[in-house]
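Listed below, chain by chain, are the residues.
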Amino acid sequence: MGLSFSKTPILADAAAFATRIHSENEDDQSKWKKYDFVIVGGGTAGITLASRLSEDSGVTVLLIEAGQSHEGHFPSRIPFTFNANFKRHSDWDYLTVPQHDLENRELYFPRGKLLGGCSSISVCIYHRCSPEDFDLWENNGAEGWGYRDLLPYFKKSEGYWESPTGYRGVNLEDRGRNGPWKVTHIDQGLMNDVLLETCSEIGIPRISDFNTDKGTLGASTFSRTVDEKGNRSSVATAYLTPSVLARPNLTIGSPPARRRLSSLKWEHRKYFTLWHWACGPSPRNGIEVVKDLNHVGKNLVEHLTCGPLSLRTKPAISWNHLLSPLSGLKAFMQWYILGSGPLRTLVSPGAAFVRSDYKSLPYEARSGQGVIPADITAGTNSPDIEIIWFPTIVLDSGHAPTPKGVEGITLSAIALKPSSSGQVLLKTSSIWDKPAIDANPIDDWLIEQLLFLENDFNVIVRGTRLIMKLIKTEPLASYVVKEGSSDYDFLWPGHANPDGVTDAQIKDWIRKNGVPAWHPTSSARMGTSESNSVVDTKLRVHGMEGLRIVDASVFPTQVSGHTTAVVVAMAEKAADMIRAGL
């Protein structure tokens, strides 16, 4: 069956886990509620930490989450319809400030606002990225965070199960088998097979598994975080099982308490959080600065994409029909009753990871300039471009309807090692106001930022050109419908002749069409000192006792892929460090 629930002991009343200010107990600290660990944020890292730290019955753990419980939250359970969680109560629904180099557009930044965080609303991709990403971290001073250090934690978290659909080629020794987080491969339909074969024809080698010591270069089907019943396996469903929730030393505070937390107190011996705006560069909108750390909120790095590059195709490889009421209902009932069908699969079933300097791939065009971007990859075996595909036409992150009668698919090119960076700043002193997110700030470093961004554009141009060549290559070319494609602006440049489109035209299209991949990292990055970072290699905030940060914001540099599995492995390692007293 596709859906199941359990009763969770999650506290809705803040007074049940904290002591109210102005109460009779305010001045008597002996009557305050006490915890060894307070974890602020029940997201991907926070839940992993809470589950692992509370395995020790001798310590008490409080986990506070601003959003709702994942249990009973219907949209988060269906893997394929992940965007049904967007712009709802389960989404923080952030927007960047207007981006100067993207036609002053405000870019949508979804973030999970429920237990499980982004692992409860994301696309369910499990990806360890390139091993060289982590060796680069270590080589740059992040001692203990190399690939060999993190690999045991990737495996510890993972519970890989073999799907009865018969996906072959995975060496089970490369995967974790006994972890709580359910991961598998599931048959993804004809479109994925056609794209993988087309990649082979164009010169991109097909590999069986992205998640091995050999790295991620090549084309393959993604592993996905889906359980045996066809449900999303989020960090919440994996790490907050009924037995974990029943632990007497674990307390979870729920959303109705959110607006009353400012009038409550608790005593703690080791305080643990995922962000702390009082630790940052002063001035802070009238907020008293506890520790002046200049890098708080700086160095934000995000994967920029060319945006959706859609093309009209024959119905055989498109799943646009699932958007119709009758077909959608049929697919839903198949998932709900049997835990099978298209809704248990990924909306992005596969991808190709390549390097922009590959001379064997058809990046060039008679109308192009042939600019080869600077190599800022993590190493010679690491990609700087991801070509990802979807079995439907995607408009406005899936929120805009496809014109009636139009069937198709979508591809996109992602710049995996961006040169540009941005920042996250407070707008006001109110904790209820959303921050200002600038993915590419225009300030005193204007010239440097534009130079970096131009290199990112050059990477995405080459990725876009590669997609345009894929569209003209068999077997995909036989499924493309040319008739009527020029009638729709959103189908350009998918239907265009690659040799008739200039680099300048592609860059203009990217400025109008480009969107983030929703993998923001490094705004509280790990480093060796206050002069270059926010936390040390033990994830302790510089100059603060008992305060750590654990999530993607501490990545020293951006990774060459999708971030969720890396965050879980990092949290697993952090839990071991904390328990060891490091």
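Participant: Explain the overall build of the protein here, please?
Facilitator: Scanning the protein from N- to C-terminus turns up 10 helices and 20 strands. Counting across all 582 residues of the protein, residues that qualify as buried make up 58%. When contacts within the protein are restricted to residue pairs at least 6 apart in sequence, those whose partners lie at least 24 apart make up 74%. With the model as given, the accessible surface of the protein reaches about 23,200 Å², and the carbon-plus-sulfur share is 52%.

Participant: Just to check I follow, could you spell out a negative patch on the surface for this structure?
Facilitator: The grouping of D187, D193, E197, E201 and E474 at the surface amounts to a negative patch. Here E201 is to be found in helix 4 (residues 190–202).

Participant: Would you mind showing me how to read the environment of I578 here?
Facilitator: You can see I578 is positioned in helix 10 (residues 564–579). We classify I578 as buried; its relative accessible area is 7%.

Participant: What should I look at first to understand unusual backbone geometry in this one?
Facilitator: A negative phi angle characterises most non-glycine residues, just as the trans form characterises most peptide bonds. A cis amide bond links E474 to the next residue, P475, at an omega of 5°. Summarising the element assignment, P475 is placed in the loop between helix 8 (446–471) and helix 9 (503–513). With an omega dihedral of 10°, the bond running from W492 to P493 counts as a cis peptide bond. Structurally, P493 can be placed in the loop between helix 8 and helix 9. Despite not being glycine, W518 shows a phi value in the positive range, around 65°. In this structure, W518 sits in the loop between helix 9 and helix 10. For S522, which is not a glycine, the phi torsion comes out positive at approximately 75°. Along the chain, S522 turns up in the loop between helix 9 and helix 10.

Participant: How do you make sense of a nonpolar patch on the surface when you look at a structure like this?
Facilitator: Together, L329, M333, I337 and L338 make up an exposed nonpolar region whose accessible area comes to about 390 Å². Checked against the element boundaries, I337 lands in helix 7 (residues 325–338).

Participant: How should I be thinking about helix 2 (residues 131–139) in this particular structure?
Facilitator: The α-helix winds at 3.6 residues per turn, so residues separated by three or four positions along the chain end up facing the same way. Of the positions making up helix 2, those classed as buried are P131, D133, F134 and W137. All buried residues of helix 2 lie within an arc of 160° about the axis, which places them on one face of the element. Elements that come into contact with the buried residues of helix 2 comprise helix 3 (147–157) and helix 10. Where helix 2 terminates, the next one or two residues include G141, which has phi positive at roughly 115°.

Participant: Just checking my understanding: could you explain the pattern of salt bridges for this structure?
Facilitator: Side chains that differ in sign of charge can pair as their charged atoms come close. Overall, the coordinates contain 21 salt bridges when judged by the stated rule. Where D576 meets K156, a salt bridge forms, and the shortest distance between an N and an O atom there is 3.6 Å. Note that D576 is positioned in helix 10 and K156 in helix 3, a separation of 420 residues in sequence. In this structure, D357 and R355 form a salt bridge, with 3.1 Å as the shortest nitrogen-oxygen distance. A network of salt bridges, in which partner residues are shared, links R52, E55, K156, E572, D576 and R579.

Participant: Sorry if this is basic, but what is going on with the side chain of N211 here?
Facilitator: As for its position among the elements, N211 is in the loop between helix 4 and strand 9 (218–221). In this structure N211 comes out as buried when scored by relative accessible area, which is 1%. At 3.5 Å, the side chain of N211 and the side chain of S223 are in polar contact. Other than its neighbours up to four places away in sequence, N211 contacts Y126, H127, R128, D174, R175 and S223.

Participant: How should I be thinking about the packing of helix 2 against helix 3 in this particular structure?
Facilitator: The axes of two packed helices give the description: the angle between them and the distance between them. In the contact formed by helix 2 and helix 3, the axes pass within 8 Å of each other and the chain directions differ by 130°. What the angle tells us is that helix 2 and helix 3 run oblique. Residues P131, F134, D135, W137 and E138 of helix 2 lie in contact with helix 3, whose contacting residues are Y147, D149, L150 and F154. Partitioned by chemical class, the residues of the contact of helix 2 with helix 3 number six nonpolar, no polar and three charged.

Participant: What exactly am I supposed to notice about the side chain of K507 here?
Facilitator: With respect to the secondary-structure elements, K507 resides in helix 9. Assessed through its relative accessible area of 12%, K507 is described here as buried. Those residues in contact with K507 that sit more than four places away from it in its chain are E454, F457, N458 and V461.

Participant: What is the right way to read the pairing of strand 9 from this model?
Facilitator: Regular strands have side chains that alternate between both faces of the sheet. Neither face of strand 9 is left uncovered, since the one carrying G218 and S220 and the one carrying A219 and T221 both have all their residues buried. Sheet analysis places strand 9 next to strand 16 (residues 350–354), joined by four bridges and oriented antiparallel. Counted as the bridge partner of A219 is A352 from strand 16.

Participant: Sorry, what's going on with the packing of aromatic side chains here?
Facilitator: Any aromatic ring pair is given by two values, namely how distant the centres are and how the planes are angled relative to each other. Applying the stated criterion across every chain yields a total of 17 aromatic pairs. Centre to centre, the rings of W335 and Y336 are 6.4 Å apart; their planes meet at 50°, and the pair counts as tilted. Taking relative accessible area as the criterion, Y336 reaches 28% and is therefore assigned partly exposed. A network of ring pairs unites the aromatic residues F82, F86, Y108 and W518 as a single cluster. Over the ring of Y108 we find K87, and its NZ or CZ is 3.9 Å from the ring centre. The aromatic ring of W92 is capped on one face by K113, whose charged end is 4.6 Å from the ring centroid.

Participant: Looking at this model, I keep getting lost on helix 1 (residues 44–53). Mind explaining?
Facilitator: Where burial is concerned, most of helix 1 is hidden: 10 out of the 10 residues are buried. Along helix 1, the residues classified as buried are T44, A45, G46, I47, T48, L49, A50, S51, R52 and L53.

Participant: Explanation requested: the nonpolar core in the structure shown.
Facilitator: One broad trend across soluble globular proteins is that nonpolar side chains are buried collectively. Among the nonpolar cores identified, the biggest contains 62 residues, and F134, W137, W145, L539 and M570 are the most heavily contacted of them. Tallying contributions element by element places helix 10 first for this core, with 11 residues. Each residue touching M570, except ones within four places of it in the same chain, is listed here: W137, W145, L150, M526, L539, V550, D551, V554 and F555. Ranked by size, the runner-up nonpolar core spans 43 residues in total, among them C199, V459, L466 and I467.

Participant: Quick question: what am I supposed to make of the environment of K404 here?
Facilitator: Along the chain, K404 turns up in the loop between strand 17 (385–390) and strand 18 (408–415). Separated by 80 residues in the primary sequence, K404 and S324 have C-alpha atoms spaced 9.7 Å apart.

Participant: Any chance you could explain the pairing of strand 17 here in plain terms?
Facilitator: Across the six residues that make up strand 17, a large majority, six, are buried. Taking every second residue as pointing to the same face, both faces of strand 17 are buried, with I385, I387 and W389 on one and E386, I388 and F390 on the other. With five bridges joining them, strand 16 and strand 17 adopt antiparallel strand pairing. The residue of strand 17 that forms the bridge with A351 is I388. Note that strand 17 and strand 18 share six bridges and pair antiparallel. In the strand pairing of strand 18, I387 is matched with A413.

Parameters at a glance
Numbering of residues starts from 1 in each chain and follows the order in which that chain's sequence is written. It should be noted that, the model being predicted, local features are given only for residues of pLDDT at least 70 and side-chain atom pairs only at 80 or more, the latter also being counted only at that level, while totals for whole chains, interfaces and linings use all residues. Side-chain numbers here rest on the full set of heavy atoms in the structure, without hydrogens or water. Helix numbers and strand numbers start at the N terminus; a helix is a DSSP run of H or I with at least 4 residues, a strand a run of E with at least 2. Only protein chains enter the area calculation, which uses a 1.4 Å probe; residues under 20% of their type maximum are buried, those over 50% are exposed, and those in between are partly exposed. Two residues form a contact once any of their heavy atoms are found within 4.5 Å. Only the protein chains shown count as cover for residues, and the accessible areas themselves come from Shrake-Rupley with a 1.4 Å probe. Patches in this entry comprise residues that are over 30% relatively accessible and not in a salt bridge; like charges within 9 Å are linked, as are nonpolar side chains (Val, Leu, Ile, Met, Phe, Trp, Tyr) within 5 Å. We define a salt bridge as a contact between a side-chain nitrogen of Lys or Arg and a carboxyl oxygen of Asp or Glu at a distance within 4 Å. For the purpose of counting charges, residues Lys and Arg are taken to be positive, whereas Asp and Glu are taken to be negative. His and the chain ends are not included. To locate a charge, take NZ of a lysine, CZ of an arginine, CG of an aspartate or CD of a glutamate. This arc is built from the directions going out from the helix axis to the C-beta atoms. Pairs of N or O atoms within 3.5 Å make up the polar contacts considered here, provided that, within protein, one atom can donate a hydrogen while the other can accept it, and that residues adjacent in sequence are counted only when both atoms are side-chain atoms. All axes are obtained by fitting lines to C-alpha atoms, using only the stretch in contact for helices, and the reported angles, taken between N-to-C directions, cover 0 to 180 degrees. Note that the term roughly parallel is reserved for angles under 35 degrees, roughly antiparallel for angles over 145, roughly perpendicular for angles of 65 to 115, and oblique for everything else. Ten residue types, Ala, Val, Leu, Ile, Met, Phe, Trp, Tyr, Cys and Pro, are classed as nonpolar, four, Asp, Glu, Lys and Arg, as charged, and the remainder, Gly among them, as polar. In short, DSSP must find at least two bridges between two strands for them to pair. Each Phe, Tyr or Trp ring, with Trp reduced to its six-membered ring, pairs with another whose centre is within 6.5 Å; inter-plane angles below 30 degrees give stacked pairs, above 60 give edge-to-face pairs, and intermediate values give tilted ones. Either the NZ atom of lysine or the CZ atom of arginine qualifies as a charge over a ring when it sits within 6 Å of the ring centre and within 35 degrees of the ring normal. Only buried residues count toward a nonpolar core, which is a set of Ala, Val, Leu, Ile, Met, Phe, Trp, Tyr and Cys residues joined through side-chain atoms within 4.5 Å.

What is shown is where atoms sit, not what they do.
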